[in-house]
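Spelled out, the chains give:
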Amino acid sequence: MSKTIRIGIIGCGAIGAEHAKALAQVDGAQIAGCCDLTMARAEEYARTYGIGYATTEHDRIIADPDIDAIYVLTQHDSHADLCIRAARAGKHVLVEKPLALSVEDCLRVGRAVKETGVTLMTGFKMRYYDLVQRARDLMPKPLMLTMQMMDNRWPGDFWANDPVKGGGNVLSQGCHSCDLLRFMARSDPLEVYAAGGNYYQPTGVVDNVCATFKFANGVVASWVQGDCRVPAAVSKFFLQAYDADRSVTLSDRLTRMVVSTPADGVAETRSSETGFVEENRAFIHALQNGLTAPIDHRDGLFATLMVLQAFASIRSGKPEPIAALMAELAG
Ligand SMILES: NC(=O)c1ccc[n+]([C@@H]2O[C@H](COP(=O)([O-])OP(=O)(O)OC[C@H]3O[C@@H](n4cnc5c(N)ncnc54)[C@H](O)[C@@H]3O)[C@@H](O)[C@H]2O)c1
């Protein structure tokens, strides 16, 4: 019988609900307490998911000796501080993307993880999509990748479009895209050249970007991210991988895979949109077995840095470094 991992939730919003539903399907996971800035929301969450107590004090959750792991499911500007406080209290952490809003904050989290030895996982659920895993297995040596995530327009007054709280849709959702590119490339990105910027969002955040990444193993990747409008033909998420003579295309929110090879022609596979349950199961499994996180703070840092250096390239009009900067910063 596996050890029960007792969890404290900080942030009882939309994604908090998804994690609670996912955790209910994971053996050996139990939510012990929950916290939100709004008491009514925390209490409603506790009632809905049968949780022992609700509070507005995150330090009560973090200091609770009966809690093994903290889920940081708040707006982006509080991720770094909550992760660091949790790590210093000896708690393991699952943090939603992005790890933080700045390179400095990502590094602060990295240092706290290193100093305390806790397990910190960044919530890149898309790595767990069934067809993403299969596409990656089919392409051990990719040459070129394309990733597009084009959403419908995010409201101008949505917190995620606030430059301080959220950073805009390209940073918020683009972390998923960049993490997938790095996951599929099986290598670290050396540099990025990007164009785009703020076209219409009233808060001034970068709302659309088009970029090219070069990876250390020679893979090149093209990335389109924005919120002009979901393209009906391919859906919001669209990923393609090529090696010397094959192509793999994932469309329909990564639930349809079409593989084309000279020997076998064209083959289509369908699957469902999974991820949250598998991500939670992987985290709980790592804690139960004393393993490192399958997606750690370094992955969170790289994905954030890929987006932030694309923004730097938009400003400079030149390619900007990624891996070298990461080495220098992490030094
Ligand atoms: N992985 C995914 O597919 C996915 C999808 C959507 C959102 N997200 C991420 O999940 C996180 C939360 O997004 P959401 O859509 O649930 O937002 P939300 O606004 O619905 O919920 C956030 C909650 O956190 C609470 N909160 C904020 N600061 C707090 C603090 N210091 N202490 C306690 N509670 C605090 C807010 O009151 C709110 O209830 C973000 O990082 C977002 O990018 C991930």
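Rules of the game
Residues numbered from 1 in each chain as written. Predicted model: local features only at pLDDT ≥ 70, side-chain atom pairs only at ≥ 80, totals over all residues. Heavy atoms only, no water. Near = heavy atom within 4 Å. Polar contact = N/O pair within 3.5 Å; in protein donor to acceptor, adjacent residues only side chain to side chain. Areas by Shrake-Rupley, 256 points an atom, 1.4 Å probe, with all protein chains shown as cover. Helix = DSSP H or I, 4+ residues; strand = E, 2+ residues; numbered from the N terminus. Nonpolar A, V, L, I, M, F, W, Y, C, P; charged D, E, K, R; others polar. Domains from an automatic or database assignment. Contact = heavy atoms within 4.5 Å. Buried < 20%, exposed > 50% of the residue type's maximum accessible area, 1.4 Å probe, protein only. Pairing = 2+ DSSP bridges. Axes fitted to C-alpha atoms, helices over the stretch in contact; angles between N-to-C directions. Arc of directions from axis to C-beta.

Caption draft 1: Fine view of the site of the ligand. Residues in close proximity to the ligand total 21 residues, the closest being I15, D36, R41, H76 and K97. A14 has a polar backbone atom sitting 3.0 Å from an oxygen atom of the ligand. At 2.8 Å, a side-chain N or O of K97 approaches an oxygen atom of the ligand. Burial of the ligand by the protein chains amounts to 85% of its free accessible area of 850 Å². Only α1 (14-23) and α7 (169-185) provide two or more residues apiece to the shell around the ligand. Of the residues belonging to the shell around the ligand, the class tally is 8 nonpolar, 8 polar and 5 charged. For the shell around the ligand, the two domains that each supply at least three residues are domain 1 (5-124 + 276-294) and domain 2 (126-275 + 306-330).

Caption draft 2: Layout of the environment of G123. Relative to the helices and strands, G123 is located in strand β6 (residues 120-123). Linking G123 and C106, residues 17 residues apart in sequence, is a C-alpha distance of 14 Å. Those residues within four positions of G123 in sequence are excluded, and the remaining contacts are V95, E96, K97, H176 and E279.

Caption draft 3: Spatial organisation of the pairing of strand β12 (residues 247-251). Most of β12 sits inside the fold, with 5 of its 5 residues counted as buried. Alternating positions in β12 separate into two faces, S247, T249 and S251 on one and V248 and L250 on the other, with burial throughout. Here strand β11 (residues 237-242) pairs with β12 via 4 bridges, running antiparallel. When the bridges of β12 are listed, Y242 appears paired with S247. Hairpin connection of β11 to β12: 4 residues between the antiparallel strands. Relative to strand β13 (residues 256-261), β12 is paired through 5 bridges, and the arrangement is antiparallel. Paired with V248 across the bridge in β13 is V259. Following β12, the chain reverses through 4 residues before pairing antiparallel with β13; D252 in that reversal takes a positive phi of roughly 50 degrees.

Caption draft 4: The sheet that holds strand β3 (residues 53-55), seen in detail. One open sheet accounts for 6 strands, arranged β3-β2-β1-β4-β5-β6; its pairing is parallel. Because the sheet does not close on itself, it has two edges, and the strands there are β3 and β6. Going from strand to strand, the sheet's axes swing by 25 degrees on average, the running direction of each strand aside. One ladder, built from 4 bridges, connects strand β5 (residues 92-96) with β6; its direction is parallel. When the bridges of β6 are listed, E96 appears paired with G123.

Caption draft 5: Representation of helix α6 (residues 130-138). Those residues of α6 lying buried are L131, V132 and A135. Taken around the axis of α6, the buried residues stretch over an arc of 105 degrees, which confines them to a single face. Buried residues in α6 make contact with α7, β12, β13 and β14 (265-270).

Caption draft 6: View of the sheet that holds strand β7 (residues 144-150). Strand order across the open sheet formed by 9 strands is β14-β13-β12-β11-β7-β10-β9-β8-β15, with mixed pairing between neighbours. The open sheet is flanked by β14 and β15 (320-321), the only strands paired with a single partner. Against the sheet, α7 touches β7, β8 (189-197), β9 (208-215), β10 (220-226) and β11, its axis set at about 160 degrees to β10.

Caption draft 7: Geometry of the side chain of S235. The topology assignment puts S235 in the loop between β10 and β11. Within the structure, the side chain of S235 is placed 3.2 Å from the backbone oxygen of F237, a separation counted as a polar contact. If we skip the residues at most four places from it in the chain, S235 touches V230, S251, D252 and R253.

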